[in-house]
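Each chain, written out:
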Amino acid sequence: MESVPNYVNFPASHPLHVGYQWSAPVQNQILAEADFILVLDSDVPWIPLENKPQKDCKIYYIDVDPLKEKIPLWYIPSERFFKADSLVALQQLNFYLDGVETIDQEWVRERYQAFSKIHAEQRAEWKRLEQLTDSALITPQFLTACVREAIDEDTIVLTESITNYEIVSTHLPRNKPGTLFGSGASALGWHGGAAIGAKLAAPDKTIVSLTGDGSYIFSNPTPVHWMARKYNTPFLTIIYNNRGWGAPRMSELGVHPDGMASRTDQFWVNFDPSAELAKVAEAAGGAFARTVEKPGELMDAIVNALEIVKGGRSAVLDVRLPQVSQQQSDFRNFEKS
């Protein structure tokens, strides 16, 4: 199980891969039922207020800084803490296991089958979530599935999809190391410069950058796309445009789940009127720009944009998703009523 992954850590198609978690305020059942957990290179594998292992679970922690000496308020109770390079530690563990002859192979097969069943059930549910229930609306799941079908396994995907991070992880699983990168930092706007850097580092690869509309704005797209044209580093940007600040809305609900904002569905986070975000890249860097609002046009738009990028020109698809908050009533009107 991967917690807040920023890289390809384990092949998503492997039968023992049991999904992702992105600190959602809900208990992860795989985590709750685990009898043993090995944490590798993870600053925040879970947030115990809402999501944690069972009381008797055995936990071991391997990290270059397992005590998080620069994060003094964060602590994961573990049987042992090992300050080590995880690659070296895993090599040593594998070497040891290769020499153990007393492993109960029947027990191993049973557990393998049990988790393979979970893996298959997860994938079936993920597939179900990709189906549209409203033929007029593009969902993040449907968008991500279209991206998955349009790219190949060697495409380098950069994700700064923010409130859609978990959806991108789930519906765009990667299997090859070096084909997925996330920021890992707290600031927004990383994806634009990162796409240029990725193309400079791997000029023969196709670069696809997935971003929220807010993080697209924070990427400073004017110089990003001017520089992309200047240095011949074409890439495809796909904007998950819910026309608002989804993360502050989630934070508000996390702190005040029954507050006034929750009761009125008014969070003051919507972008109205909506800007033509793709046109910024067109004006600044000659990028191909297109806004997509209809599900039936999405797949062709992605395929066409990829062909344009492979031909040497950047492309930006502004894909309109359901808005962060649909209700636009003024709070003062609510007070008066």
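Relevant structure appears above.
Treat the numbers as computed from the prediction; the structure is a model and nothing was measured.

Colleague: How should I be thinking about the overall build of the protein in this particular structure?
Modeller: When helices and strands are counted, the protein shows 13 helices and 11 strands. Radius of gyration (C-alpha) of the protein: 22 Å, near the 20 Å computed for a compact globule of 337 residues. With respect to the three principal axes, the spread of C-alpha positions in the protein is 65 × 60 × 40 Å. With 337 residues in all, the protein has 42% of them scored as buried. As displayed, the protein has an accessible area near 18800 Å², and 56% of this comes from carbon and sulfur atoms. In the protein, the 31 positive side-chain charges and the 42 negative ones have mean positions that sit 4 Å from each other.

Colleague: Before we go on, may I ask you to explain the side chain of Gln122 in this structure?
Modeller: Mapped onto the elements, Gln122 comes out in helix 3 (residues 105-129). We classify Gln122 as buried; its relative accessible area is 18%. Sequence-distant contacts of Gln122, that is, excluding residues within four places in its chain, are made with His17, Val18 and Gly19.

Colleague: Just to check I follow, could you spell out helix 4 (residues 140-150) for this structure?
Modeller: Every α-helical turn comprises 3.6 residues, leaving residues that sit three or four positions apart pointing alike. Within helix 4, 8 of the 11 residues are buried, which leaves it mostly tucked inside the rest of the structure. Buried within helix 4 are the following residues: Pro140, Gln141, Phe142, Leu143, Thr144, Ala145, Cys146 and Val147. Contact partners of the buried residues in helix 4: helix 3, helix 5 (165-171), strand 8 (207-212), strand 9 (236-241), helix 12 (295-310) and strand 11 (315-320).

Colleague: Help me out: how do you make sense of the environment of Leu16 in this one?
Modeller: Inspection of the secondary structure assignment puts Leu16 in the loop between strand 1 (2-3) and strand 2 (20-21). Between the C-alpha atoms of Leu16 and Asn94, which are 78 residues apart in sequence, the distance is 17 Å.

Colleague: Is there a simple way to think about the packing of aromatic side chains in this case?
Modeller: Both the distance between ring centres and the angle between the ring planes are used here to describe each pair of aromatic rings. By the definition in use, this model includes 6 aromatic pairs. Both rings, one in Tyr60 and one in Phe82, keep their centres 6.4 Å apart while their planes meet at 15°; by these two values the pair is stacked. Here Tyr60, found in strand 4 (residues 58-63), pairs with Phe82, found in strand 5 (residues 80-83); they are 22 residues apart in sequence, far enough to count as distant. Between the aromatic rings of Tyr61 and Phe81, the centroid separation amounts to 6.0 Å while the plane-to-plane angle is 40°, which identifies the pairing as tilted. In this pair, Tyr61 sits in strand 4 while Phe81 sits in strand 5, placing the two residues 20 residues apart along the sequence. These aromatic residues form a ring-pair network of at least three members: Phe36, Tyr60 and Phe82. One cation-aromatic arrangement involves Lys230 over Tyr231; the distance from NZ or CZ to the ring centre is 5.6 Å.

Colleague: Would you explain the pairing of strand 6 (residues 156-160) in this entry?
Modeller: Along any regular strand the residues' side chains alternate between the sheet's two faces. Counting buried residues along strand 6, 5 of its 5 residues qualify, which places the element largely inside the surrounding structure. Alternating positions in strand 6 separate into two faces, Ile156, Leu158 and Glu160 on one and Val157 and Thr159 on the other, with burial throughout. In the sheet, strand 6 pairs with strand 7 (residues 180-182) via 3 bridges, with the strands oriented parallel. Within the sheet, the bridge partner assigned to Thr159 lies in strand 7 and is Gly182.

Colleague: I'm lost on a nonpolar patch on the surface in this one. Help?
Modeller: Taken together, Phe36, Leu38, Leu40, Leu90 and Leu93 make up a surface patch of nonpolar side chains, about 380 Å² in accessible area. Elements represented by at least two residues in the nonpolar patch include exactly strand 3 (36-40) and helix 2 (86-98). When residues of the nonpolar patch are assigned to their parent elements, the largest contribution, 3 residues, is made by strand 3. With respect to the secondary-structure elements, Leu40 resides in strand 3.

Colleague: Is there a simple way to explain the pairing of strand 4 in this structure?
Modeller: The pairing of strand 3 with strand 4 spans 5 bridges and is parallel. Paired with Leu40 across the strands is Ile62, a residue of strand 4. Here 4 bridges tie strand 4 to strand 5, and the two strands are oriented parallel to one another. Note that in strand 5 the partner of Tyr60 across the bridge is Arg80.

Colleague: Just to check I follow, could you spell out the sheet that holds strand 5 for this structure?
Modeller: Strand-to-strand pairing in sheets goes through backbone hydrogen bonds, with the strands running parallel or antiparallel. Taken in spatial order, the 3 strands line up as 3-4-5 in an open sheet, and their pairing is parallel. In the strand order of this sheet, the two ends are held by strand 3 and strand 5, each with one partner. If you compare each strand with its neighbour and ignore which way they point, the axes differ by 15° on average.

Colleague: What am I meant to see in the pattern of salt bridges here?
Modeller: The tally for this structure, following the rule as stated, stands at 16 salt bridges. Residue Glu125 is joined to Arg128 by a salt bridge in which the shortest nitrogen-to-oxygen separation is 2.6 Å. Of the two residues, Glu125 and Arg128 are both situated in helix 3; the distance of 3 residues between them amounts to about one turn of the helix. Note that Glu130 is salt-bridged to Arg148, the shortest N-O span being 2.7 Å.

Cut-offs used in this document
- Residues numbered from 1 in each chain as written.
- Predicted model: local features only at pLDDT ≥ 70, side-chain atom pairs only at ≥ 80, totals over all residues.
- Heavy atoms only, no water.
- Helix = DSSP H or I, 4+ residues; strand = E, 2+ residues; numbered from the N terminus.
- Rg over C-alpha atoms; globule rule 2.2 N^0.38 Å.
- Buried < 20%, exposed > 50% of the residue type's maximum accessible area, 1.4 Å probe, protein only.
- Areas by Shrake-Rupley, 256 points an atom, 1.4 Å probe, with all protein chains shown as cover.
- Lys, Arg positive; Asp, Glu negative; His and termini not counted.
- Charge placed at Lys NZ, Arg CZ, Asp CG, Glu CD.
- Contact = heavy atoms within 4.5 Å.
- Phe/Tyr/Trp six-rings, centres within 6.5 Å; stacked < 30°, edge-to-face > 60°.
- Lys NZ or Arg CZ within 6 Å of the ring centre and 35° of its normal.
- Pairing = 2+ DSSP bridges.
- Patch = residues over 30% accessible without salt bridge, like charges linked within 9 Å, V, L, I, M, F, W, Y side chains within 5 Å.
- Salt bridge = Lys/Arg side-chain N within 4 Å of Asp/Glu carboxyl O.
- Axes fitted to C-alpha atoms, helices over the stretch in contact; angles between N-to-C directions.

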